[in-house]
Amino acid sequence: MSEQIEQAIARKYDAGFVSEVESDTFAVGLDESVIRRISAMKNEPEWMLEWRLKAYRSWLKMDEPDWAHVDYPKIDFQSISYYSAPKSMKDKPKSLDEVDPELLRTYEKLGIPLHEQEMLAGVAVDAVFDSVSVVTTFRAKLEEAGVIFCPISEAIQKYPDLVKKYLGTVVPQRDNYFAALNSAVFTDGSFVYIPKGTRCPMELSTYFRINELNTGQFERTLIVAEEGSYVSYLEGCTAPQRDENQLHAAVVELVAMDDSEIKYSTVQNWYPGDENGKGGIYNFVTKRGLAETNAKISWTQVETGSAITWKYPSCILKGDNSVGEFYSVALTRGRQQADTGTKMIHMGKNTRSTIISKGISAGHSSNAYRGLVRMGPNADGARNFTECDSLLIGDKCGAHTFPYIESRNPSAIVEHEATTSKVSDDQLFLCRQRGLDPEKAVSMIVNGFCKEVFKELPMEFAVEAGKLLEISLEGSVG
Amino acid sequence: MMLSIKDLHASIDGKEILKGLNLDIKPGEVHAIMGPNGAGKSTLGYVLSGRDGYQADSGTAQFNGADLFDLEVEERAQAGLFLAFQYPVEIPGVSNMEFMKESVNAIREKRGDDPLSASDFLKKAKEACKQVDLPLAFLKRGVNEGFSGGEKKRNEIMQMILLEPKLCILDESDSGLDVDALQVVANGVNSQRDGKRSFIVVTHYQRLLDYIEPDYVHILADGKIVKSGDASLAKEVEKTGYAWLGAKAEEADA
Amino acid sequence: MSQWLADVIDRAGSVQDWLSPVRGEALATLQNQQWPGRRTEAWRYTSLHPFDALLAQPGSTSVQVDSREFAIEGLESLDLVFVNGELHTDIGSLSLPAGLSISALDQPTDNARSVAGQVFTQVKPERHLFGLVNDVLATSGVIIDIADGASVETPVRVINLVTDKVESHNRVLVRLGKQATATVIEHGSGDGASMNTAFAEYQLGYEARLEHYRFALHSADAIHIGGSHFQMGEKSRLNSTLVGYGSQLSRLDVDIHHAGEHAFAKFNNIYLLAENEHFDLHSTIEHAVPNGTTEENARGIVGDNAKAVFNGRIHIHPDAQKTLAELNNRNLLLSRRGQINTKPELEIYADDVQCAHGATVAEIDDEALYYMLSRGISRSQALVMLNFGFVQELIEQMPNKALRDWLQPKLKTRFEGMEVK
Ligand SMILES: Nc1ncnc2c1ncn2[C@@H]1O[C@H](COP(=O)(O)OP(=O)(O)O)[C@@H](O)[C@H]1O
Ligand SMILES: [Mg+2]
């Protein structure tokens with residue numbers, strides 16, 4: 001039976017095409033002059049450039065971390081190009097009609113039409129292609145509600161005070177090696193600002209696409225939810241199928257003020273490399289949110305892509321009664337390696353966190369959950385519940401669980417549970433006896449295993465995630 | 001002939017369990033199979049449906065003209081063979097509803113029918129639940145997840161009603177049920193008797209046969225059918241038990 | 001690099017005995033070791049700061065030992081007493097039951113040499129810095145051999161007493177032959193600012209059965225670093241209980257390596273920490289072959305300024321199908337100044353296994369408390385009962401009644417001295 005399961009999990013990558021657009025791409029290499037050029041391309045004010053340079057100088061003194069359960073050749077940061085943008089984007093198209101149709105076609109092929117009338121009515125999209133944002137939809141409608149949703153490069157120009165006030169406050173420049181690099185060279189990403197008492201009228205989403213060869217993507221996203229506001233944000237990621245590894249090092253910062261709520265969902269489908277581990281994206285991401293009193297931050301991620309995933313969306317539960325959630329599905333197959341999880345730092349009283357992690361490993365892949373739950377001395381009455389389940393498909397893969405629990409408060413309660421299982425022969429037999437082929441049966445059982453996480457995704461995307469998993473599991477049962 | 005089994009020998013882990021079994025079933029017939037624990041009743045159901053590890057070593061089984069042993073598990077199911085399990089397994093997170101929808105449509109696709117629309121399917125599913133007295137909430141719950149023994153059995157019959165198979169093998173669908181539940185299960189089965197659909201009813205007790213009247217009763221002991229008769233055979237067994245079989249089976253072996 | 005370590009390497013150069021070839025290899029490895037810091041994962045929560053102001057010096061002082069101090073009522077054991085690392089028991093004067101042979105490490109019989117060849121540094125090939133220090137410096141110790149088929153009823157107890165300001169190292173090597181049965185107790189205790197490393201290696205043969213205890217009951221200002229390592233042969237069984245108090249720096253490593261199929265290991269561990277005590281337990285369960293079973297339970301209560309570190313790793317190797325391995329760690333934190341750091345780890349490379357771990361840090365069950373209050377028990381009494389009941393369960397699982405009866409009131413008294421909110 002296990003042979004059939006393994007076949008069922010062999011998969012094709014749908015988003016692996018290359019778009020034929022002419023791009024302006026920096027020569028490979030990184031030094032201060034490259035950072036100055038990026039800053040100049042983006043027309044940045046002086047303070048932004050200084051901020052970048054400061055980060056760069058710190059980065060030079062830092063070491064690449066090696067504690068994660070992943071194994072990859074040393075990255076040569078001088079062989080990467082740090083900026084690439086379609087030529088057609090040079091003169092900042094005013095409307096969709098001026099955008100290069102090839103770019104629009106790219107997003108259409110990925111199932112993301114950018115014409116507002118064709119889109120899901122309740123979703124606004126920022127489309128980032130290599131180092132620039134191509135278009136941000138429904139801006140007018142959002143502006144009516146006072147919501148700012150725009151490329152971060154534009155926010156630096158238009159709302160410098162807001163950006164200055166919050167950038168780097170949750171993930172400091174020197175937070176870690178990759179965050180420092182990002183702070184120095186970030187190109188685009190989204191900026192979201194929800195004013196006090198506002199419920200964002202639409203789902204916001206950003207689609208990241210890496211297209212150009214040998215470029216890295218360094219996106220930076222900043223979401224600020226003022227007192228009593230609410231926003232749900234989703235990001236999706238894809239890249240062409242190439243033999244070379246490409247680096248994606250992003251930073252996401254969330255600021256949730258008193259009584260606000262930010263729901264952040266990710267469907268990550270970067271190119272994972274082929275079955276022998278050739279090519280694929282190195283995904284090194286720092287995501288963190290700060291929750292003030294009564295605020296709630298909820299991370300949901302579905303990670304099916306990337307050759308290497310190094311990612312720990314975290315919550316600093318600073319305010320009393322604040323809530324952090326982390327729901328994750330990570331699927332690895334082929335030679336993929338994932339080391340992902342979360343940190344829940346309980347500082348305030350009666351803070352609550354929930355962690356549900358579902359890891360699925362197949363092929364020769366390696367899938368690790370790494371998490372930290374810290375109960376600080378003032379976190380009276382705080383609570384955490386963690387559940388980590390691993391599903392192994394085949395006997396060549398690895399599933400690992402590394403939870404760190406630190407408690408300094410006698411009234412805090414932490415509960416952690418982890419299990420491993422496989423798709424049982426009995427379950428598979430039942431499904432097949434009811435007429436399902438093994439491929440369908442496996443995908444259904446795996447979907448069931450992930451149910452608790454999928455139900456946390458915004459409705460529009462839950463279907464997409466289920467399909468993605470299905471595609472991921474779909475293969476060549478002959 | 002719907003099903004024709006000739007001189008079937010089957011083994012688990014190299015141990016022979018079925019030792020030359022013959023059975024012919026025509027469309028519309030109900031055959032009861034009784035026998036002591038460990039006789040090989042469940043094994044017969046598994047070998048016919050193609051479970052891994054249940055190896056048919058020799059003999060044949062023709063199902064509507066096709067050689068069963070040439071088909072994969074799901075192909076047998078798609079051809080209309082249904083097994084109601086003695087111990088149904090749980091599949092956490094997969095709802096009964098989506099499970100059945102996929103099954104129904106996989107089987108329809110094989111028959112060349114269009115998939116059922118969501119609303120048509122829902123209608124049928126509700127109907128099936130009603131027939132076995134299973135609250136509709138069970139459609140939303142994970143397959144067998146946290147069901148009681150009796151609920152699992154009823155859920156199996158519900159699935160049978162939905163999938164409209166040609167041949168139903170019920171493996172001890174009566175065990176662990178109280179009289180009311182037994183009646184519910186039996187009614188569910190009887191409602192599916194249409195003169196074409198055939199049944200193999202595996203049971204330990206005569207009790208179920210009071211409700212589902214068999215055309216034939218077979219006694220399976222030590223991997224063979226040692227005696228066949230009509231419904232009265234079941235009554236006889238009820239009175240005498242299986243003790244007499246010991247001697248008889250040894251005789252047959254000698 | 002610490003001055004102490006440089007000194008150890010220096011001293012190791014002058015150790016000459018029959019184990020020198022093996023010690024030489026360990027020394028070579030030791031010379032390449034970094035002094036562990038905060039970034040060394042295995043020492044993440046345990047600071048080696050106490051070494052900076054080390055009071056203990058190598059060398060022996062003449063100490064009179066009152067054996068009554070170690071008497072355990074009802075326990076008829078064969079005692080081997082080490083004082084500051086030196087064996088004080090005249091092995092020749094002991095009358096040993098059939099099948100049991102004991103040899104001092106510095107006066108090995110031929111048989112003891114062959115046992116050491118199989119066991120010394122062999123049971124746990126990857127040793128941390130202090131394991132290596134013990135390899136090169138532990139010239140005193142015992143080699144215990146239980147012959148094939150022998151069933152030794154009398155527990156063998158290795159008493160390891162350390163005293164103020166003395167640094168000492170000792171080693172225990174045990175082999176249980178085919179179908180052999182034995183009970184071994186490692187009983188460590190001490191006064192003052194001692195520094196001691198004590199490692200034991202056990203090899204269990206086919207169908208061997210070992211009942212094992214380790215008591216690490218050192219004084220508050222001691223440094224104690226040690227470990228018990230087990231290599232499980234086919235169908236062997238281990239039942240081990242470890243009890244630790246913590247001290248200025250207490251670190252124990254317990255390793256259970258399933259080398260033969262169908263072995264069964266049960267490992268319970270209790271830590272009860274007060275004042276400024278620090279206790280660090282690292283357990284590593286290696287399932288290298290199929291069909292092994294491990295059950296591990298660790299429970300700790302931490303009061304005052306104490307700090308507990310628990311790292312429980314289960315590693316299932318690629319071929320170790322059908323493994324059953326479970327680890328459960330439960331902690332109670334009684335004080336706002338205390339700290340609990342726990343990290344259960346699963347590293348799994350085989351799919352057809354059942355592995356799980358759980359860890360909790362929590363106050364007592366409100367419902368249980370309410371239930372007790374409603375039966376008229378006072379709040380403070382109920383808290384003590386509930387909290388202590390939590391470690392009591394593991395004490396009750398110890399097979400040896402004399403040890404249970406000795407430990408229960410001892411731990412209870414200790415617990416009652418801790419402040420319960
Ligand atoms: N998985 C298995 N491995 C080995 N023997 C089995 C297995 N399943 C069933 N058997 C043996 O096969 C024989 C027939 O079992 P079964 O078909 O379940 O009997 P029944 O359903 O008539 O009670 C019994 O002797 C039983 O012990
Ligand atoms: Mg049966």
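Residues numbered from 1 in each chain as written. Chains lettered and ligands numbered in written order. Predicted model: local features only at pLDDT ≥ 70, side-chain atom pairs only at ≥ 80, totals over all residues. Heavy atoms only, no water.

Q: Got a minute to help me understand the overall build of chain B in this structure?
A: Helix and strand counts for chain B come out as nine helices and 12 strands. In summary, chain B has a C-alpha radius of gyration of 18 Å against a globular reference of 18 Å for 254 residues, a match within 12%. Expressed along its principal axes, the backbone C-alpha trace of chain B runs to roughly 60 × 40 × 35 Å. Within the span of chain B, comprising 254 residues, buried residues form 52% of the whole. Counting only contacts in chain B whose residues sit at least 6 apart along the sequence, the fraction spanning at least 24 positions is 69%. A total of about 11,000 Å² of accessible surface is found on chain B, and carbon and sulfur atoms cover 47% of it. (Helix = DSSP H or I, 4+ residues; strand = E, 2+ residues; numbered from the N terminus. Rg over C-alpha atoms; globule rule 2.2 N^0.38 Å. Buried < 20%, exposed > 50% of the residue type's maximum accessible area, 1.4 Å probe, protein only. Contact = heavy atoms within 4.5 Å. Areas by Shrake-Rupley, 256 points an atom, 1.4 Å probe, with all protein chains shown as cover.)

Q: Would you explain the overall build of chain A in this entry?
A: Within chain A, the secondary structure is distributed over 11 helices and 22 strands. Relative to its length of 478 residues, chain A is compact, with a C-alpha radius of gyration of 22 Å against a globular reference of 23 Å. Along the three orthogonal principal directions, the C-alpha set of chain A runs to about 65 × 55 × 45 Å. Sorting the 478 residues of chain A into buried and exposed places 67% on the buried side. For chain A, long-range pairs separated by at least 24 residues make up 83% of all intrachain contacts whose partners lie at least 6 apart in sequence. Per element, the accessible surface of chain A, about 16,200 Å² overall, is 48% carbon and sulfur. Treating the 52 positive side-chain charges of chain A as one cloud and the 68 negative ones as another, the clouds have centres 3 Å apart. (Lys, Arg positive; Asp, Glu negative; His and termini not counted. Charge placed at Lys NZ, Arg CZ, Asp CG, Glu CD.)

Q: Help me understand the UniProt feature "domain: SUF system FeS cluster assembly SufBD core" (unreviewed entry) in chain A in this model?
A: UniProt's feature table lists "domain: SUF system FeS cluster assembly SufBD core" (unreviewed entry) at residues 208–449 of chain A, given in the numbering used throughout. A helix fraction of 9% and a strand fraction of 57% characterise residues 208–449 of chain A, whose end C-alpha atoms lie 28 Å from each other. (UniProt positions renumbered as here; feature names shortened; annotations may be inferred.)

Q: When you look at the UniProt feature "domain: SUF system FeS cluster assembly SufBD N-terminal" (unreviewed entry) in chain A in this model, what are you seeing that I'm missing?
A: The residues that UniProt annotates with the feature "domain: SUF system FeS cluster assembly SufBD N-terminal" (unreviewed entry) are residues 144–199 of chain A. The distance separating the terminal C-alpha atoms of residues 144–199 of chain A is 12 Å; by composition the span is 43% helix and 16% strand.

Q: Would you take a moment to explain the interface of chain A and chain C for this structure?
A: Buried accessible area, meaning the area lost when the parts come together, often serves as the stated size of an interface. Of the residues lining the interface, 32 residues belong to chain A; the matching set on chain C comes to 34 residues. Buried area between chain A and chain C, both sides added, is near 2,800 Å², and the carbon and sulfur share of it is 49%. When the area that chain A buries against chain C is broken down by residue, the three leading residues are Tyr404, Ile405 and Pro410 of chain A, summing to 22%. At the junction of chain A and chain C, the tally comes to two salt bridges. Linking Lys422 of chain A and Asp352 of chain C is a salt bridge whose minimum nitrogen-to-oxygen distance equals 4.0 Å. The interface formed by chain A and chain C contains 16 residue pairs in polar contact (both at pLDDT 80 or more). Listed by contribution, the elements that provide at least two residues to the side of chain A that touches chain C are strand 21 (398–407) and strand 22 (413–422) of chain A. Among the elements that take part in the side of chain A that touches chain C, strand 21 of chain A stands out by supplying 10 residues, more than any other. (Buried area = accessible area lost by both parts, 1.4 Å probe. Salt bridge = Lys/Arg side-chain N within 4 Å of Asp/Glu carboxyl O. Polar contact = N/O pair within 3.5 Å; in protein donor to acceptor, adjacent residues only side chain to side chain.)

Q: I'm lost on the site of ligand 1 in this one. Help?
A: Residues and elements named next belong to chain B. In the vicinity of ligand 1, the contacting residues are Ile12, Lys15, Ile17, Pro36, Asn37, Gly38, Ala39, Gly40, Lys41, Ser42, Thr43 and Tyr54. For ligand 1, an oxygen atom lies 3.0 Å from a polar atom in the backbone of Gly40. Interatomic distance of 2.9 Å between a side-chain N/O atom of Ser42 and an oxygen atom of ligand 1. Take the shell around ligand 1: its biggest share by element is three residues, from helix 1 (residues 41–49). (Near = heavy atom within 4 Å.)

Q: I tried to follow the arrangement of the chains on my own but got confused; where do I start?
A: With two pairs of chains in contact overall, the contact-richest pair is chains A and C. Between chain B and chain C there is no contact, and the shortest C-alpha to C-alpha distance separating them is 16 Å.

Q: Would you take a moment to explain unusual backbone geometry for this structure?
A: Where the residue is not glycine, phi is negative for most of them; where a peptide bond is considered, it is trans in most cases. Not every positive phi belongs to a glycine, and Asp7 of chain B is a case in point at roughly 45 degrees. Non-glycine residue Asn84 of chain C carries a positive phi angle of around 45 degrees. By the secondary structure assignment, Asn84 of chain C is in the loop between strand 2 (78–83) and strand 3 (86–87).

Q: How do you make sense of the environment of Asn400 of chain C when you look at a structure like this?
A: Residues and elements named next belong to chain C. Tracing the backbone through its elements, the reader meets Asn400 in the loop between helix 6 (379–396) and helix 7 (401–416). We classify Asn400 as buried; its relative accessible area is 14%. Residues Asn400 and Ser14 lie 386 residues apart in sequence; the distance between their C-alpha atoms is 42 Å.

Q: Help me out: how do you make sense of the coordination of the magnesium ion (ligand 2) in this one?
A: For a metal bound by four donors in a tetrahedral arrangement, the ideal donor-metal-donor angle is 109.5 degrees, while six donors in an octahedral arrangement ideally sit at 90 or 180 degrees. Within the first shell, the magnesium ion (ligand 2) binds the protein through Ser42 of chain B (OG) and Gln86 of chain B (OE1), at distances of 2.1 to 2.3 Å. Of this pair, Ser42 of chain B sits in helix 1 while Gln86 of chain B sits in the loop between strand 6 (81–84) and strand 7 (91–95); the two residues are 44 residues apart in sequence, bridging distant segments of the chain. (Donors = N, O, S within 2.8 Å, 3.2 Å for Na, K, Ca; no water.)

Q: Sorry, what's going on with the nonpolar core here?
A: In a soluble, globular protein the nonpolar side chains are often hidden away together inside. In terms of nonpolar packing, the biggest core is built from 102 residues, with Ile360 of chain A together with Leu3, Ile5, Leu48, Phe99 and Ile200 of chain B touching the most fellow members. Ranked by residue count, the leading element in this core is helix 10 (residues 438–454) of chain A, at nine residues. In this structure, Leu48 of chain B is in contact with Leu3, Ile5, Ala61, Leu68, Arg76, Leu81, Ile169 and Ile200 of chain B, ignoring residues within four places of it in sequence. With 101 residues, the next largest nonpolar core counts Met375 of chain A together with Met232, Ile348 and Val361 of chain C among its residues. (Core = buried A, V, L, I, M, F, W, Y, C linked by side-chain atoms within 4.5 Å.)

Q: I keep staring at the packing of helix 10 of chain A against helix 3 (residues 96–111) of chain B and nothing clicks. Help me out?
A: Two elements in contact, helix 10 of chain A and helix 3 of chain B, have axes whose closest approach is 12 Å; the angle formed by their N-to-C orientations is 165 degrees. With respect to helix 3 of chain B, the element helix 10 of chain A is oriented roughly antiparallel. Classified by chirality, the crossing of helix 3 of chain B by helix 10 of chain A is right-handed. Residues Lys440, Met444 and Lys451 of chain A of helix 10 of chain A lie in contact with helix 3 of chain B, whose contacting residues are Glu98, Phe99 and Glu102 of chain B. Its residues placed into classes, the contact of helix 10 of chain A with helix 3 of chain B shows two nonpolar, no polar and four charged. (Axes fitted to C-alpha atoms, helices over the stretch in contact; angles between N-to-C directions. Parallel < 35°, antiparallel > 145°, perpendicular 65-115°, else oblique. Left-handed = near helix turned anticlockwise from the far one by under 90°. Nonpolar A, V, L, I, M, F, W, Y, C, P; charged D, E, K, R; others polar.)

Q: Is there a simple way to explain the sheet that holds strand 12 (residues 224–229) of chain B in this structure?
A: Hydrogen bonding along the main chain pairs the strands of a sheet, whether they run parallel or antiparallel. Residues and elements named next belong to chain B. Read from one edge to the other, the open sheet built from six strands follows the order 6-9-10-3-11-12, with strand pairing classed as mixed. Edge positions in the sheet fall to strand 6 and strand 12, since each of these pairs with one other strand and no more. Recorded for the sheet is a direction-independent mean angle of 20 degrees between the axes of neighbouring strands. Here strand 11 (residues 216–221) pairs with strand 12 via five bridges, running antiparallel. Looking at strand 12, one finds that His218 is bridged to Ser228. (Pairing = 2+ DSSP bridges.)

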